[in-house]
Structures are given as structure tokens and as C-alpha cells.
Amino acid sequence: MVEKTAAERARELRETLQHHSYLYYVLDQPEISDFEFDKLYRELVELETAHPELITPDSPTQRVGAAPSGAFSKVTHQFPLYSLANAFNIGEVDAFAKRIQERLGSASQVEYVTELKIDGLAINLIYENGHLTQCVTRGDGEVGEDVTANVKTIRSLPLFIKNAPARLDIRGEVYMPRQAFVELNEARDENGEAPFANCRNAAAGSLRQLDPRVTAARKLDFFAYAIGNAEETGITSQRELLETLQEYRFSVNPNYHLWHSVEEIGAEIERWETARRDLAYDTDGLVIKVNDFAQQLALGYTAKAPRWAIAYKYPPEEAKTKVTDIIVTLGRTGVLTPSADLEPVSLAGTVVRRATLHNADYIAEKDIRVGDTVLIHKAGEIIPEVIRVITEDRDGSESAFVMPHQCPVCGSEVTRIPGEVAYRCQNPSCPGILREKLIHFASRQAMNMDGVGPKVIDLLLEHGLLHDAADLYTLRVEDLVELPRFGKKRAENLVNAIAETKERGLARLLFALGIRYVGTKAARLLAAAYPTYEKLQTATPQELATVDGIGETIAESLYTYLQMPQSIAFIHKLQDLGVVTDEEVSEPAADGIFSGEKVVLTGKLPRFNRTQAADLIVAQGGEVASSVSSKTTLVVAGEDAGSKLAKAEKLGITIWTEDDFENAVAKIEP
């Protein structure tokens, strides 16, 4: 009877978790909090640990269940994955449509479906009796590599399909969202690892990791767009196919449309040339397909590509400028990072004055010199990056860059650890490292100390008032009034503002500590699972890794940090100064003023910084998103709001000013 009860509960938990994963990762419409989800997940882990016989292949706990692989075996595709012919101007699209009409006959009515061409990695998913059994890369279209364990880590991808045919070959694109790409490269820079050049390379590299746990930490996602054996399913058109994929609970890119003429397709191509910058992922074009499957069958294939489809490719957005200087900055982990100062140039809607150069190897590989004329683009449409040097423009005045042998701040020796690309300052007392740690600790996403910016920190360091971040809480008005530009009122305001941050809670403190790999999201997940510092400090790496969204790498890094004597002493010092190291885990207000709303914040909000505004929205039952989509219900537009505001206006989404937002939150009962 006990076994039957355990089996029933395990089945119920699996179904519940699968349902909420679909709502969260595919529809972006969660119904429960991360805390509630984690409780259910941990309950299932405990049940399966006690009763291993209850583990099923489609259990959410099995997304990262495989041991590191030694290699990827080759797999022959039962249904080949064809490549697509390319078009680079509307004339070539028109010629494609004319060829279609000629082959089908002038009397045929032809409809086309356009879909965004996602810049990722094509994959084939094999489902047998509804269960995901194998995931294979495109390879050469005939033979690919088995990456099943890695693909299973993608949360938006169903491990089981209800009411599915005996076999389904699902085709789609594995991609890395832009924000995940930025976070990954920032972490790699901090850790002395070579950065990825773009989102596509990052996705490909992540999918070919030998350890699925590394892939799981990379935040990959997936869009489905085809079925290899679609004719066996009774589906008759591409639009019906996309709708069927959605019914199967796959994530399908919503920006597909049915058209009847090349003129309509041309307008769509023109629209997305600019609009694609506002997406949360990279797209390099539009795929145009004949909608009707009977017509597709009549058109057939060439040796390499279908005659019924073509990919329109946008030209890469690049700009030409000059490197005026190469400067080196010091990060809080001691890593020296070079950047290029540029002659200002307009690129993708913004004026670019600086581009990251990542590390010395990157500079040497591209042979970037001060004075060079270079071609730049935005990696992931976000980070300005040098593509290549225009060597034919050199006149001999350019100077080669040499990485400094001494720290630019403290003058200590700079070393490079074998196997790493980063140069590091090894001085644990380096004032530059301390400065960066203090800036991070006080920053908005960390302890959010109003008025404690880089200039104030520089002033406090200069006068010997800070030796670590805890010293911020020891500042007195009488100390501050002795400083330049500090009157009594400003001193009182600063001391009070710092004191208010003592109540920020464990999640913000964890991020503020600057622990390697522990970002804002990981900090929130950890604080929800272990709401006191004492519980977190005594947790083992294995226990920490069971928190959904926290992999082995984060768990090991956090555990190592929390066991270090200097870390323990520092946190105890914070506690002695009254800093709260617990997290108040409360449920969002079910009837809050933002209940059911999906809100995007854009522009500057002088009276509310982004973190404060986002916290208010979440506490009042809403959800904060980074980009405007058809699911967005409200946009709060501050000063200098740009493309997100324009997109919201085009979609007819409700728009608030900062005054509207302030008036709304003023009505919240304390």
C-alpha cells in the first residue's frame, strides 16, 4: 500500500511539474512561484531517491541524469535534413516565387508562410510512442551526432507528448537567448576563459559539452518548426504543422504569417530588418515556404535543398571606425580586461565609443593595433565587438598592444595561469580589486545603496574609511562631513541610505558578495531554498545542486566560498553590524495591483530604479519581462524610451509613464 501511494504521488508530481514547466518555459505564463515549484521538485527527488524504481525517462529529474560522455556517436537520419537556398534581395525572392508558379502552373493559387530564421543549431528530435528517445544534430543532413543527454536539459522541450503518433521526427533550432549569451561571456571573461563570438557559436559549443550538467547551466532554448515525417501525420500545410507543434506543447516562434503575394512578403522582410533588434534572440533572416504540402510534394527537391522554400538573409549590420586607444581595466576577481576606445560610430541604433577586446589572445589573433581601422558589430546585437582589422588602411603609424606586466592599479606582478587566457593581479590587497568589489556590493542589483556610486567609493577609499564592504555600515556622519563636498545633510542622507540596506535580505546579499557563478537569479533560487545563512552555510554541494536551476558548478563555487575562514569572518562582521542574512520568503499578492500583468520596463526611471520597480511589480503579483511581445500587457516607459516603446505602441499595449506607475504603487496598502 505504501509503494502504491508513493507511485501515485510520484506520477502526480511528474504531471504537475511538466504542466508548470510548460507554462513557465514555453508560454511564459507561470501560475506558481519558483519557491512552490522548487518544493514540488524536491519532493519528487526525495521520492525517487527512496524508491528508484519510480524513476521514469520523462521525469523532470532526468533532464540532467546522464554521466559525462566520452564522445558523440554518429546517427543516420531516417528523414534527411535538407539545407535551404538563400536569397539576398527581394529580386531573388520574386524569382523564387516565379519558379514556383511556373512549376505548378499559372492557374495554381500559391500561399506562403514566413518564419523567422533563428540563428542557432538545427536539431532532430525522435519521439517514440510519445517519449523523447533520441536527439541528433543536423550534421551534413544525412548523418548527425547523438546529443540526447544535452538536449534533454532544455527546459522548454517536452520529454513526453500526449496522443502522439508511434514515431515523430521533430525538427527545430537550439539557440541561446541574448541575455544568457551576455551573462555567459561575462562569466568566461571573469574566469579567464575565451569568450564565444556570438549566440550561435555559444549554442553550438554548449550543445557539444561532454558533461550535460555544463549544458544545463547554459540556459539554451528551442523553437520547433518542422516534422520530418509530416506526411504520416495527416497534416496538410505548414501553418497547420506549426499549430500542431503548439498543440504538442512545443515552443513555436510566434512570428509566422500566411501571405498571398511577393509584395506582402517584401513588406514583412522590410519590417523585420529593424524589428529583429528588439527580439530576445538572434535572427539573421526569414524563411519563406510554400504553405500547401501537396504543392510542396509536386515541387520536390534539388540534390541539396527543397524547391518550395528559400531563406532570405539580412546583411550583417557592421560599421567601420578607428581604434584610438587600447585600455586595460581591472575586475573584482583580479582579471585584466582590454577594451578598444573607438572613434564614435552609429551601429544598430546606438552610438558606439568602446568595444570589448576580451583578452590578449583575442587581440593577437585578430592583430588589433592602436590606430587601426576596424570593422565592428554587436555580438548578440548587444555587445560592440571588433570583427576584423582593415589591414589595407594601415599607413605604418599603428602601434602593437602589449599586455601590461604590472597591475594598472597597484603595480603588482600580473600572472597568467597555464591553460587560462586571462592575466590576473595576484595581490589580495590590491586597492583596485577592493574598489570593484565595493562598487559591486553597493550596486542596484546587489545591496542597492542609494548615493554610493564609484565616485563616492573612490572618495571613501582615498580617506581610508573603507577596508571591506562591511565598513560601509560603520560610516558616521562626523567622518563624512570632513570629506570634500560633504555637508551635514548629505552625510546624514548617505548614512541613513546605507542603514536602510541592512534589511535587503539573503538573496541580494548573496549576489553582493560577488561569488563566482552566483548571479541574481541563482541567488534568488538559493535564498528561496535555504532562507537563512546558517542553513545555506551547512548545506553540502550535493544538496545545493538539487535546487532547480542550480547546477554542480554553482553549488561547488558557493560551497567553497562559504567554507573559507575569511568569508565566514566577513559575514559574521556583517551580522554584528545588523545586516540581515535571512530571506523572507513570501508569496506574491494574489490580488495585487499587477496581478496577471506581464510588464516591461524601458527608459530611465529617475524616481524608481529598475530593480526597485521590478521588485514592486513581482510583490504585487506581476511578472517582469525584458522584451516586448504579444504577451506583454503593460509597458512602463521612462525617459529616453526607445524601440521597446515604439513596438508597444504598434502592438496596442497599454503604456504608463513614470507618473502613472508612481500613482499606482502609492495606492498599495502598507
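All values reported here derive from a predicted model rather than from experimental measurement.

Q: Lay out the nonpolar core with the relevant residues and their values.
A: Counting residues in each nonpolar core, the largest one holds 54 residues, and the members touching the most others are Phe441, Met449, Leu472, Leu536 and Leu558. Counting residues per element, the ones that place at least two in this core are helix H12 (431–442), helix H13 (454–462), helix H15 (488–500), helix H16 (506–512), helix H17 (520–529), helix H18 (533–538), helix H20 (552–563) and helix H21 (565–576). Counting contributing residues, this core receives three or more from each of domain 4 (431–500) and domain 5 (506–577). In this structure Leu472 touches Leu438, Phe441, Met449, Val452, Leu460, Leu466 and Ile498, once residues within four positions along its chain are discounted.

Q: Now, about the UniProt feature "binding site: NAD(+)" (unreviewed entry) in the chain: what can you tell me, with residues and values included?
A: Under the present numbering, the feature "binding site: NAD(+)" (unreviewed entry) in UniProt falls on Asp34, Phe35, Glu36, Phe37, Asp38, Ser83, Leu84, Glu115, Arg138, Glu173, Lys289 and Lys313. Its location among the elements puts Glu36 in helix H2 (residues 34–50). Residue classification places Glu36 among the partly exposed residues on the basis of a relative accessible area of 33%. Inspection of the secondary structure assignment puts Glu173 in strand S7 (residues 167–175). Glu173 has contacts with Ile118, Asp119, Gly120, Leu121, Ala122, Asp221, Phe222, Phe223 and Tyr225, leaving out every residue within four places of it along the chain. A distance of 3.2 Å separates a polar atom in the side chain of Glu173 from the backbone nitrogen of Gly120.

Q: Which residues make up the sheet that holds S7, and what values go with them?
A: A sheet is described by the order of its strands in space; here four strands give the open sequence S5-S4-S7-S8, paired in antiparallel fashion. Both outer strands of the open sheet, strand S5 (131–137) and strand S8 (221–227), are each paired with one neighbouring strand and no more. Each strand of the sheet is rotated relative to its neighbour by a mean of 35°, with strand direction disregarded. As defined by bridge partners, S7 adjoins S8 across six bridges and the pair is classed as antiparallel. In the sheet register, Gly172 faces S8, and the bridge partner there is Ala224. Docked against the sheet, helix H6 (residues 199–207) engages strand S4 (121–128) and S7, running at close to 40° with respect to S4.

Q: Which residues make up the domain arrangement of the chain, and what values do they have?
A: Split into domains, the chain comes out as domain 1 (6–62), domain 2 (85–313), domain 3 (318–416), domain 4 (431–500), domain 5 (506–577) and domain 6 (598–667). On the side of domain 2, ten residues touch domain 1, which itself brings seven residues to the contact. Around 900 Å² of area is buried between domain 1 and domain 2 when both sides are counted, 57% of it from carbon and sulfur atoms. At the surface where domain 1 touches domain 2, the tally comes to zero salt bridges. Joining domain 1 to domain 2, the criterion identifies zero residue pairs in polar contact (both at pLDDT 80 or more). Of the residues in the side of domain 1 that touches domain 2, the class split is four nonpolar, two polar and one charged.

Q: Help me get a handle on the packing of aromatic side chains, residues and values and all.
A: Pairs of aromatic rings are described using the distance from one ring centre to the other and the angle between the two planes. A complete count under the given rule lists eleven aromatic pairs for this structure. On the numbers, 6.3 Å between centres and 55° between planes, the contact of Phe96 with Tyr112 is tilted. Taken together, the positions of Phe96 in helix H3 (residues 90–104) and Tyr112 in strand S3 (residues 112–118) put the pair 16 residues apart, joining distant regions of the chain. Judged on exposure class, the residue Phe96 and its partner Tyr112 are both buried. Aromatic pair Phe223 and Tyr281: ring centres 5.3 Å apart, planes at 75°, arrangement edge-to-face. Here Tyr281 lies in the loop between helix H9 (262–275) and strand S10 (283–290) and Phe223 lies in strand S8, a separation of 58 residues in the sequence. Considered together, Phe223 and Tyr281 belong to a single accessibility category, that of buried residues. Positioned above the aromatic ring of Phe486 is the side chain of Arg490, whose terminal nitrogen or guanidinium carbon lies 4.1 Å from the ring centre.

Q: So what about unusual backbone geometry? Which residues, and what values?
A: With a phi angle near 50°, Asn129 is a residue other than glycine that sits in the positive phi range. Tracing the backbone shows Asn129 in the loop between S4 and S5. Of note in the backbone geometry, Asn448 takes a positive phi value of approximately 55° without being a glycine. By secondary structure assignment, the location of Asn448 is in the loop between H12 and H13. Note on Asn448: relative accessible area 6%, which makes it buried.

Q: Describe the pattern of salt bridges, and please don't skip the residues or the numbers.
A: Taken as a whole and assessed by the stated rule, the structure comprises 25 salt bridges. Salt-bridge contacts for Glu145 lead to Arg208; the nearest nitrogen and oxygen are separated by 2.9 Å. Of this pair, Glu145 sits in strand S6 (residues 143–145) while Arg208 sits in the loop between H6 and helix H7 (212–216), and the two are 63 residues apart along the sequence. Relative accessible area serves as the criterion here: at 14%, Glu145 is assigned to the buried category. Between Asp471 and Lys573 there is a salt bridge, and its shortest N-O distance comes to 3.0 Å. Taken together, the residues span a long stretch of sequence, with Asp471 in the loop between H13 and helix H14 (477–480) and Lys573 in helix H21 at a distance of 102 residues. Three or more residues are tied together by salt bridges with common partners; here these are Asp367, Arg369, Asp372 and Arg394.

Q: Outline the side chain of Glu145, listing residues and values.
A: Only 2.9 Å separates the side chain of Glu145 from the side chain of Arg208, close enough to count as a polar contact. The contact partners of Glu145, leaving out residues within four places of it in the chain, are Phe72, Ser73, Lys74, Cys135, Val136, Thr137 and Arg208.

Q: Break down the UniProt feature "binding site: Zn(2+)" (unreviewed entry) in the chain for me, citing the residues and quoting the values.
A: Under the feature "binding site: Zn(2+)" (unreviewed entry), the UniProt entry names Cys407, Cys410, Cys425 and Cys430. What stands out for the annotated residues spanning 24 residues is how close their C-alpha atoms remain, the widest pair being 8.7 Å apart. Considering the arrangement of structural elements, one finds Cys410 in the loop between strand S18 (399–400) and strand S19 (414–416). Residue Cys410 is classed as partly exposed on the basis of its relative accessible area, which comes to 27%. Residue placement: Cys425 occurs in strand S20 (residues 423–425). With relative accessibility at 6%, the residue Cys425 sits in the buried group. Leave out the neighbours within four places in its chain, and Cys425 touches Leu330, Gly334, Leu336, Cys407, Cys410, Ser412, Glu413, Cys430 and Ile433.

Q: Would you mind going over the pairing of strand S12 (residues 319–330) in detail, with residue names and values included?
A: Walk down a regular strand and you will see the side chains alternate between the two sheet faces. Strand direction decides the pairing type here: S12 and strand S13 (residues 335–347), joined by seven bridges, are antiparallel. When the bridges of S13 are listed, Ile327 appears paired with Ser339. Counting the residues that bridge the hairpin from S12 to S13 gives four residues, and of these Gly334 lies at a positive phi of roughly 90°.

Q: Can you explain the sheet that holds strand S11 (residues 309–313)? Please cite residues and give values.
A: Spatial strand order, S2-S11-S10-S3-S9: five strands in an open sheet with mixed pairing. Among the strands making up the open sheet, the edge pair consists of strand S2 (86–87) and strand S9 (257–259). Direction of pairing for S3 relative to S10: antiparallel, over a ladder of seven bridges. The partner of Glu115 across the bridge, within S10, is Val287. Taken strand by strand, H3 contacts S2, S3, S10 and S11, and its axis lies near 175° from that of S11. The strands touched by helix H8 (residues 238–247) within the sheet are S3, S9 and S10, with S3 carrying the most contacts at an inclination of about 50°.

Rules behind the numbers
- Residues numbered from 1 in each chain as written.
- Predicted model: local features only at pLDDT ≥ 70, side-chain atom pairs only at ≥ 80, totals over all residues.
- Heavy atoms only, no water.
- Core = buried A, V, L, I, M, F, W, Y, C linked by side-chain atoms within 4.5 Å.
- Buried < 20%, exposed > 50% of the residue type's maximum accessible area, 1.4 Å probe, protein only.
- Helix = DSSP H or I, 4+ residues; strand = E, 2+ residues; numbered from the N terminus.
- Domains from an automatic or database assignment.
- Contact = heavy atoms within 4.5 Å.
- UniProt positions renumbered as here; feature names shortened; annotations may be inferred.
- Polar contact = N/O pair within 3.5 Å; in protein donor to acceptor, adjacent residues only side chain to side chain.
- Pairing = 2+ DSSP bridges.
- Axes fitted to C-alpha atoms, helices over the stretch in contact; angles between N-to-C directions.
- Buried area = accessible area lost by both parts, 1.4 Å probe.
- Salt bridge = Lys/Arg side-chain N within 4 Å of Asp/Glu carboxyl O.
- Nonpolar A, V, L, I, M, F, W, Y, C, P; charged D, E, K, R; others polar.
- Phe/Tyr/Trp six-rings, centres within 6.5 Å; stacked < 30°, edge-to-face > 60°.
- Lys NZ or Arg CZ within 6 Å of the ring centre and 35° of its normal.

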